[in-house]
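Residue-level listing of the chains:
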Amino acid sequence: MSETAYRAQEFGDLLRSRRERLQPADVGLPPGARRRTRGLRREEVAQLAAISATYYTYLEQGRELRPSRQVLDALADALRLDAAERVHIHELVHGVPPVARPPRPETAPAALVALVDRLDPCPSYVTGRYWDVLAANRAARALWTDWPALPLEDRNQLWWMFTAPEAREVMVEWEHEASALLGRFRAAAARHPGDAGFAALLDRLRSASPEVRDWWPRHDVVPLSSGTKRLRHPRLGELRLQHLVLQLADDPDRKLVTFTAPDEDLARIAELSP
């Protein structure tokens, strides 16, 4: 059996198994007359997904068809597939998962927020898909900016880096840091083609920052990485911080960034307030 035939059969088997698990009441359909079929009928699933019953039957039979992503999403909704199952059917049919569009604004899990707070006085924060700052502990807010105090749409690292005057004071190597951040943003955008969130933020940045307008056409791409950052604080002077970037296993777009420094510097950071 070819790989294409195998995937088509797996897809058909999954559709059938999920159809047989559901009852009409589960999807808002009347029970109807005595039912011979276990679970939903094929024509009921087709009706819910707005496709023809014949086409749905062919899919369940494992015929080598290639339904569009829109049809796959409609089937996932009709069969009440969970997030992992939805990704799986896209991978079976198209070989790659669908473009996921997280809700705006994104949030950080409560356990992750608690972890970030416990890491203080090591500055730590969490960013989302578009580099929105989703959580930041006291030390990070004291050294960068008080993120929760900003308007919601401005709690974004790129926006702060390119539009906030204090960013050029805080980041000792501002040009290097800003261009690298833009390169990481480009690399992330390439992994999510068609995601309007990247385009919207880029348009906003271009309108506000001459550097973004000048640098974006260079097509610089920078991977996520750990390393060293040099920060300047009005009371503490220049600090050299080592940082790690950790991605969440269940959502790699959410990144925990945590910094460390010599003990004497951490002791001084512990005395700061945002």
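Refer to the structure printed above.
The model shown is predicted, which means the values in this text are computed figures rather than measured ones.

S.K.: How should helix α4 (residues 69-78) be read in this particular structure?
M.R.: Because each turn of an α-helix spans 3.6 residues, side chains separated by three or four positions in sequence point in the same direction. Those residues of α4 lying buried are Val 71, Leu 72, Ala 74, Leu 75, Ala 76 and Ala 78. Elements in contact with the buried residues of α4: α1 (3-21), α2 (42-49), α3 (53-60) and α5 (83-94). Positive phi appears at Arg 80, one or two residues downstream of α4, with a value of about 55°.

S.K.: Mind showing me how you'd approach the sheet that holds strand β4 (residues 237-248) here?
M.R.: In a beta sheet, neighbouring strands are held together by backbone hydrogen bonds and run either parallel or antiparallel to one another. Strand order across the open sheet formed by five strands is β2-β1-β5-β4-β3, with antiparallel pairing between neighbours. Every interior strand has two partners, whereas the edge strands, β2 (133-136) and β3 (227-233), have only one. The mean angle between the axes of side-by-side strands here comes to 25°, regardless of whether they run parallel or antiparallel.

S.K.: In this structure, what is going on with empty space enclosed by the protein? I would like to understand it.
M.R.: One simple way to see leftover space: roll a probe sized like a water molecule over the atoms. Scanning all chains against the criterion turns up two cavities of 30 Å³ or more. By volume, the largest cavity is sized at about 60 Å³. Lining the largest cavity are Ser 179, Leu 182, Gly 183, Arg 186, Trp 215, Trp 216, His 219 and Asp 220. Looking at which element gives the most residues to the lining of the largest cavity, the answer is helix α10 (residues 174-191), with four residues. By residue class, the composition of the lining of the largest cavity is three nonpolar, three polar and two charged. By volume, the second largest cavity is sized at about 30 Å³. If you trace the second largest cavity, you find it lined by Trp 131, Ala 188, Arg 191, Leu 224, Gln 247, Pro 252, Asp 253 and Lys 255. Listed by contribution, the elements that provide at least two residues to the lining of the second largest cavity are α10 and β5 (251-260). In terms of residues, the lining of the second largest cavity owes the most to one element, β5, which gives three residues. Partitioning the lining of the second largest cavity into residue classes produces four nonpolar, one polar and three charged.

Reading the values: the criteria
Residues numbered from 1 in each chain as written. Predicted model: local features only at pLDDT ≥ 70, side-chain atom pairs only at ≥ 80, totals over all residues. Heavy atoms only, no water. Buried < 20%, exposed > 50% of the residue type's maximum accessible area, 1.4 Å probe, protein only. Helix = DSSP H or I, 4+ residues; strand = E, 2+ residues; numbered from the N terminus. Contact = heavy atoms within 4.5 Å. Pairing = 2+ DSSP bridges. Axes fitted to C-alpha atoms, helices over the stretch in contact; angles between N-to-C directions. 1 Å grid on protein atoms, 1.4 Å probe; cavity = no way out; pocket = protein on both sides within 12 Å on 5 of 7 lines; lining within 4 Å. Points joined across faces, edges and corners; volume = space filled by probe spheres on them. Nonpolar A, V, L, I, M, F, W, Y, C, P; charged D, E, K, R; others polar.

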